[in-house]
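Next come the chains, spelled out residue by residue.
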Amino acid sequence: MRYRPGSAHFAALACALSVLALTAAPALPAKHEAPVVTLPTDDRGRFDLMCTRVAGCWAEPRGGFVDKDGVPSESAMELGLMLAGEPTGAEWKRRALATIDWTGALIDTLNGGCSSRKNQGGAIGEAMEFRTDVNARRLDLLVTAWRTLGDERYRRDAAKVAGFIDRVLLDGRGGFVAEQIGNRTLEPASNGLAIHAWLSWAAATGNTPTREFALRSIERVWTGSFDERGVLLRRGDFGEVLMAPQLADQVEMGRALVLSARLCERPVDLDRAQTLARTVIAKFEDRKDGGFMTRAMPKKDGSMRGAPRREDENARAALFLAELAAATGDETYRAAARRAWEAFAKEQEKPDFAAADWALAFRAALAPETTAPPTWQAAAGQADRPSSNILYESHRTKPKR
């Protein structure tokens, strides 16, 4: 629903948001009394259980870590690459690489963009859907594959996807539009994914202009979307609020901020990430059933309206909170991630791709990222480029001065 200024819906949303600002975070609830399955009490046990769930999703006839709709799981492939270096990781590596190679068919040979899934005889539009979130996730994955294995094939594919993002999805003022056709607003969630991928690509290449565009994008999204109530909001072309605060917006921008703080050593980004994390815990956590709600819409009395709780979004939230805990040393965030996981106890024995993000979250708790920031090297002759990348399009003509 679009909330237009002056409408009754807009007034209701504005009132609710004012309550959201004034409502203090409630005390943590007592342990839920409903019977639950026995779950591991340590992060290693949780990690192993989630890996087992992901392994159960393997479907070679579909292409590997691919769901029944033909959509591959980037998180499952990333998990496979992460486990490849372990003593028993050979099969994980094989499966991850088999799926990555299968996704190569989703890259458009003409424009370099990635479609969300393999076209299975449906409408032509389904095969021509090039969204920012999809291309960002694929770019991040290809960068991980290149850096992990040193295989130049993945660098070349990453360059193709980066080139498409640069030409079609990138906004020269900073930020990334949501998709090739249609929604051209700067959604925090898709921008968080794109900024995260752009920072990963910048670090892999050491390219300073790429990094600088990612930082410019953070500033534009933060300036345009952050509200004094402590949340990121989706706004229209005239600044109007389009919907209630979304969990995905806080989580994906939060992950981008954590990565920026580590790679670019900007304390302000870590401060912003913690602001979003506190909002997620205080405003999105379901105090009755546990886990995080997809949106935060308070009532007039300050209590939160009920909203769906999706396991995939909760897994991404846990990943953000675990990464932030590793960056700050604050156990509050990791404890919130564990509570979210426990809220989905009934789902923990079924194969599901959401388990890949749960596994990555507990991996972040067990083995935090310790890689030092890269050595940034500005490329000669690139200062005048509107693009933020230099490795993928040597055929392009430089703009005239």
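Residues numbered from 1 in each chain as written. Predicted model: local features only at pLDDT ≥ 70, side-chain atom pairs only at ≥ 80, totals over all residues. Heavy atoms only, no water.

(A) Examining the overall build of the chain more closely. Scanning the chain for helices and strands turns up 14 helices and zero strands. Going from the N terminus to the C terminus, the chain shows its helices and strands as α-α-α-α-α-α-α-α-α-α-α-α-α-α. If you take every contact in the chain between residues at least 6 apart in sequence, the share linking residues at least 24 apart comes to 67%. When the accessible area of the chain is evaluated, it comes to approximately 18200 Å², of which 52% is carbon and sulfur surface. (Helix = DSSP H or I, 4+ residues; strand = E, 2+ residues; numbered from the N terminus. Contact = heavy atoms within 4.5 Å. Areas by Shrake-Rupley, 256 points an atom, 1.4 Å probe, with all protein chains shown as cover.)

(B) Structural detail: empty space enclosed by the protein. Taken as a whole and assessed by the stated rule, the structure comprises one cavity of 30 Å³ or more. Estimates place the volume of the largest cavity at around 30 Å³. Contributing to the lining of the largest cavity are Asp 140, Gly 192, Leu 193, His 196, Glu 252, Arg 255, Ala 256 and Arg 316. At the level of secondary structure, the elements contributing two or more residues to the lining of the largest cavity comprise helix H8 (188-205) and helix H10 (247-264). (1 Å grid on protein atoms, 1.4 Å probe; cavity = no way out; pocket = protein on both sides within 12 Å on 5 of 7 lines; lining within 4 Å. Points joined across faces, edges and corners; volume = space filled by probe spheres on them.)

(C) Region of interest: the pattern of salt bridges. In the structure shown here, the tally under the stated rule is 34 salt bridges. With a shortest N-O distance of 2.8 Å, Arg 46 and Asp 43 are connected by a salt bridge. You can see Arg 46 and its partner Asp 43 sitting in helix H2 (residues 43-55), three residues apart, about one turn around the helix. Its relative accessible area of 5% is what places Arg 46 among the buried residues. What makes Asp 43 buried here is its relative accessible area of 10%. Among the ionic pairs, Arg 131 bridges to Asp 133, the shortest N-O distance being 3.0 Å. Assessed through its relative accessible area of 26%, Arg 131 is described here as partly exposed. Each of the salt bridges in this network shares a partner with another, and the network as a whole consists of Asp 43, Arg 46, Glu 331, Arg 334, Arg 338 and Glu 342. (Salt bridge = Lys/Arg side-chain N within 4 Å of Asp/Glu carboxyl O. Buried < 20%, exposed > 50% of the residue type's maximum accessible area, 1.4 Å probe, protein only.)

(D) Just the environment of Glu 252, in detail. Along the chain, Glu 252 turns up in helix H10. For the pair formed by Glu 252 and Ser 190, sequence separation is 62 residues and the distance between their alpha carbons is 7.5 Å. In contact with Glu 252, not counting residues within four places along its chain, are Ala 189, Gly 192, Leu 193 and Arg 316.

(E) Inspection of helix H9 (residues 208-225) at higher detail. An ideal rise of 1.5 Å per residue puts 26 Å on 18 residues; H9 measures up with 26 Å between its terminal C-alpha atoms. Along H9, the positions that sit buried rather than exposed are Thr 208, Thr 210, Arg 211, Phe 213, Ala 214, Leu 215, Ser 217, Ile 218, Val 221, Trp 222 and Ser 225. Against the buried residues of H9 lie H8, H10 and helix H11 (267-284). (Expected span 1.5 Å × (residues − 1).)

(F) Geometry of the packing of aromatic side chains. Per the stated rule, a full pass over the model turns up 10 aromatic pairs. Both rings, one in Phe 176 and one in Trp 198, keep their centres 5.6 Å apart while their planes meet at 75 degrees; by these two values the pair is edge-to-face. Highlighted residues: Phe 176 in the loop between helix H7 (152-169) and H8 and Trp 198 in helix H8, separated in sequence by 22 residues. Each member of the pair, Phe 176 as well as Trp 198, is classed as buried. These aromatic residues form a ring-pair network of at least three members: Trp 58, Phe 65, Trp 92 and Phe 353. Here the guanidinium or amino end of Arg 211 rests over the ring plane of Trp 376, the centre of that ring lying 5.0 Å away. Taking NZ or CZ as reference, Arg 309 lies 5.3 Å from the ring centre of Phe 344, over its face. (Phe/Tyr/Trp six-rings, centres within 6.5 Å; stacked < 30°, edge-to-face > 60°. Lys NZ or Arg CZ within 6 Å of the ring centre and 35° of its normal.)

(G) Main features of the nonpolar core. Formed by 101 residues in total, the largest nonpolar core has its most connected members in Leu 79, Ile 100, Leu 139, Trp 198, Phe 292, Leu 321 and Trp 358. It is H10 that contributes the most residues to this core, 10 residues altogether. The residues touching Leu 79, leaving out its near neighbours within four places in the chain, are Phe 47, Cys 51, Val 54, Trp 92, Ala 359 and Leu 360. (Core = buried A, V, L, I, M, F, W, Y, C linked by side-chain atoms within 4.5 Å.)

(H) Structural detail: unusual backbone geometry. Phi at Glu 265 is positive, roughly 55 degrees, even though this residue is not glycine. Within the secondary structure, Glu 265 sits in the loop between H10 and H11.

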